[in-house]
Amino acid sequence: MHYAIIGTDQEESLEARISARPDHLRRLEKLKEEGRLLLAGPFPAIDSKDPGPVGFTGSLIVAAFPDLTSAKAWADQDPYTLTGVYASVTVTPFKKVLP
């Protein structure tokens, strides 16, 4: 089953996000290689592909996990969680309907 992992950034977390990004992306690449990643990306703080110094307000990851407990455990070990980029993380089941 798929799960949506929604991370909400702390205020002023852009530097921490930039620092943790390589490790964060490595974990996402592993999910992708395993065929488990449906989509992933950040929420720009402004209506722009590159929000520059205003940064991001959070991220969305949708990936397959055996169960909710596994999805939460994966999210708990995300570098953005461990380094304090995220102020909060919500993990919820996700049902893909389209496309």
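Model, not experiment: these values are computed from the prediction. (Residues numbered from 1 in each chain as written. Predicted model: local features only at pLDDT ≥ 70, side-chain atom pairs only at ≥ 80, totals over all residues. Heavy atoms only, no water.)

Across its full length, the protein carries 3 helices and 4 strands. Here the protein holds 99 residues, and the buried ones make up 28% of them. Residue pairs at least 24 apart in sequence account for 73% of intrachain contacts in the protein once pairs closer than 6 positions are excluded. Summed over its atoms, the accessible surface of the protein is roughly 6300 Å², and 55% of this surface lies on carbon and sulfur atoms. Counting 11 positive and 13 negative side-chain charges, the protein places the centres of these two groups 9 Å from one another. (Helix = DSSP H or I, 4+ residues; strand = E, 2+ residues; numbered from the N terminus. Buried < 20%, exposed > 50% of the residue type's maximum accessible area, 1.4 Å probe, protein only. Contact = heavy atoms within 4.5 Å. Areas by Shrake-Rupley, 256 points an atom, 1.4 Å probe, with all protein chains shown as cover. Lys, Arg positive; Asp, Glu negative; His and termini not counted. Charge placed at Lys NZ, Arg CZ, Asp CG, Glu CD.)

Of the positions making up helix α2 (residues 68–76), those classed as buried are Ala71, Trp74 and Ala75. Viewed end-on, α2 has its buried residues packed into an arc of 100°, placing them on one side of the element. Where α2 is buried, its residues meet β1 (2–9), α1 (14–33), β3 (56–64), α3 (79–82) and β4 (86–94). (Arc of directions from axis to C-beta.)

In this section: the side chain of His24. In this structure, His24 sits in helix α1. Residue class for His24 comes out buried when judged on its relative accessible area of 5%. When near neighbours in sequence (up to four residues on either side) are disregarded, His24 contacts Ile61, Asp78, Pro79, Tyr80 and Tyr86.

Relative to β3, β1 runs antiparallel, the two sharing 7 bridges. Residue pairing across strands places His2 opposite Ala64, the latter belonging to β3. The pairing of β1 with β4 spans 8 bridges and is classified as antiparallel. Bridge pairing in β4 links Ile6 to Thr90. (Pairing = 2+ DSSP bridges.)

Scanning the entire structure with this criterion turns up 3 aromatic pairs. On the basis of an interplanar angle of 55° and a centroid distance of 5.8 Å, the ring pair of Phe65 and Trp74 is categorised as tilted. The class of Phe65 is buried, set by a relative accessible area of 4%. One aromatic cluster is present, built from ring pairs that chain together Tyr3, Phe65 and Trp74. Sitting over the face of the ring of Trp74, Arg27 holds its NZ or CZ atom 4.1 Å from the ring centroid. (Phe/Tyr/Trp six-rings, centres within 6.5 Å; stacked < 30°, edge-to-face > 60°. Lys NZ or Arg CZ within 6 Å of the ring centre and 35° of its normal.)

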